[in-house]
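# Breakdown of the fold
Listed below are the residues making up each chain.
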Amino acid sequence: MSIITLTSDIGLQDYLVGAIKGQLWQNCPGAQVMDITHQISPFNLPQATYICKGAFAYFPPKTFHIVLINLFDRKADYVLLAEHNGQYIACADNGLTTMIADGMPVRVVKLPLDKQLPKDTFSIIKRFSEAYQELQKGKDLSELGQPATDYIVKNNLQPMTGQDYIDGQIIHIDNFENVVVNITRKQFEAQRQNRPFSIFFRRDEVITQIAETYADVPEGHKLALFNAAGYLEVAINKGNAAGLFGLQGFHRDQLTSNSGYQQLSFYQTVRIIFG
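How each quantity is defined
- Residues numbered from 1 in each chain as written.
- Predicted model: local features only at pLDDT ≥ 70, side-chain atom pairs only at ≥ 80, totals over all residues.
- Heavy atoms only, no water.
- Pairing = 2+ DSSP bridges.
- Helix = DSSP H or I, 4+ residues; strand = E, 2+ residues; numbered from the N terminus.
- Phe/Tyr/Trp six-rings, centres within 6.5 Å; stacked < 30°, edge-to-face > 60°.
- Buried < 20%, exposed > 50% of the residue type's maximum accessible area, 1.4 Å probe, protein only.
- Lys NZ or Arg CZ within 6 Å of the ring centre and 35° of its normal.
- Patch = residues over 30% accessible without salt bridge, like charges linked within 9 Å, V, L, I, M, F, W, Y side chains within 5 Å.
- Areas by Shrake-Rupley, 256 points an atom, 1.4 Å probe, with all protein chains shown as cover.
- Salt bridge = Lys/Arg side-chain N within 4 Å of Asp/Glu carboxyl O.
- pLDDT = per-residue confidence, 0-100.
- Contact = heavy atoms within 4.5 Å.
- Axes fitted to C-alpha atoms, helices over the stretch in contact; angles between N-to-C directions.
- 1 Å grid on protein atoms, 1.4 Å probe; cavity = no way out; pocket = protein on both sides within 12 Å on 5 of 7 lines; lining within 4 Å.
- Points joined across faces, edges and corners; volume = space filled by probe spheres on them.
- Nonpolar A, V, L, I, M, F, W, Y, C, P; charged D, E, K, R; others polar.

In this section: the pairing of strand β6 (residues 107–112). Each regular strand carries side chains that alternate between the two faces of the sheet. As defined by bridge partners, strand β4 (residues 78–84) adjoins β6 across 6 bridges and the pair is classed as antiparallel. Residue pairing across strands places Ala 82 opposite Val 108, the latter belonging to β6. Here β6 pairs with strand β7 (residues 146–147) via 2 bridges, running antiparallel. Across the sheet, residue Lys 110 finds its bridge partner in β7, namely Gln 146.

What follows is the structure in structure tokens.
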């Protein structure tokens, strides 16, 4: 059975996610439609990238991933369909394609939108459905649209490094309010070079050890570990790290407030000092 996944920043407060699924089930009979999440923070591309990369890695080849994030970032008469790791990623031309692929995908084509239809979520789902059906009939990706050579390229949010430090940014806060930072284990070890370290974040909180599981510390105590996706996570065993320490990820309204950039820097940065 073929699989279509859905990832979005739509939320679950109204009819839209249900309507999208209904449209897919009508247009793509026999497909297994699965949710990744619909709780991405609005316009948060780094968070969407983290979620998508973590989830997509476990799906079989030829899975068709529809990513409805920042769908109307700019007015366009096409959407993108990319091939990456044997799977397909369908999204708007907003930079997510290269962020999820962590570079340039193998192939990317532009899927033209029907000029007779309004440019809304349902017309875009209709176009993705048509592309899915054509792939199911055995067509090659190159037959579905023109090769995309001028699409938007964005790089993943990377930690800043110096000789004795690495600064990471908060990219996700999960349902338990554990805080995920964009520092991978590989980046951490390469920068650490077997030196002792201290992880600093708000309110002068410091962590000097990496735990293997939450149970490595008593209930209510803070810890840092590398999660199943391989990223640094700051947590409290059976507690609320984000709320207790006043940590938060990116919100678009921070960029429009008077002190927006100061807030963005203040709340997002987690610093590790080595030596």
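That covers the picture; the talk isn't over yet.
Enumeration according to the criterion identifies 6 aromatic pairs in this entry. Measuring from centroid to centroid gives 5.7 Å for Phe 64 and Tyr 132, while their planes differ by 80°, and the two rings are edge-to-face. Of this pair, Phe 64 sits in strand β3 (residues 64–68) while Tyr 132 sits in helix α4 (residues 121–136), placing them 68 residues apart in sequence. Residue Tyr 132 is classed as buried on the basis of its relative accessible area of 4%. Chaining the aromatic ring pairs together yields one cluster made of Phe 188, Phe 197, Phe 226 and Phe 274. Of note, Lys 110 hangs over the ring of Tyr 78, and the distance from its end group to the ring centre comes to 4.4 Å. Sitting over the face of the ring of Tyr 165, Arg 271 holds its NZ or CZ atom 4.4 Å from the ring centroid.

A surface patch of nonpolar side chains, about 200 Å² in accessible area, is lined by Phe 200, Val 206 and Ile 273. Relative to the helices and strands, Val 206 is located in strand β12 (residues 205–207).

All right, on to the confidence of the model for the chain then. Chain-level statistics for the chain give a pLDDT mean of 90 and a share of 92% at 70 or above. Note that residues 253–267 has pLDDT below 50 and, in this model, 18 contacts with residues that lie over four places away or in other chains.

This part covers the sheet that holds strand β5 (residues 87–91). One open sheet accounts for 7 strands, arranged β2-β1-β3-β5-β4-β6-β7; its pairing is mixed. Of all the strands in the sheet, the pair left with one neighbour each is β2 (32–37) and β7. Relative to β3, strand β1 (residues 3–8) is paired through 5 bridges, and the arrangement is parallel. Pairing of Ser 8 across the sheet is with Leu 68, part of β3. Helix-sheet contacts for helix α1 (residues 16–27) involve β1, β2 and β3, and the interaxial angle to β2 is about 150°. Against the sheet, α4 makes contact with β1, β3, β4, β5 and β6, and its axis sits at roughly 165° relative to β3, the strand it touches most.

Next up on the list: the environment of Phe 245. Mapped onto the elements of the fold, Phe 245 is located in helix α6 (residues 241–245). Sequence-wise, Phe 245 and Ala 235 are 10 residues apart; in three dimensions their C-alpha atoms are separated by 9.9 Å.

In this section: the layout of surface pockets. Roughly 420 Å³ of internal volume is contained in the largest pocket. Lining the largest pocket are 18 residues, and of these Lys 53, Gly 54, Ala 55, Phe 56 and Ala 57 sit closest to its centre. Among the secondary structure elements, those contributing two or more residues to the lining of the largest pocket are α2 (45–56) and β5. Considering every element that reaches the lining of the largest pocket, the biggest residue donor is α2, with 7 residues. Looking at side-chain class alone, the lining of the largest pocket contains 11 nonpolar, 6 polar and 1 charged residues.

Here strand β11 (residues 197–201) lies mainly inside the structure; 4 of its 5 residues are buried. Relative to strand β15 (residues 269–274), β11 is paired through 4 bridges, and the arrangement is antiparallel. The partner of Phe 197 across the bridge, within β15, is Phe 274. Relative to β12, β11 runs antiparallel, the two being bridged by 3 bridges. Its bridge partner lying in β12, Ile 199 is registered against Ile 207.

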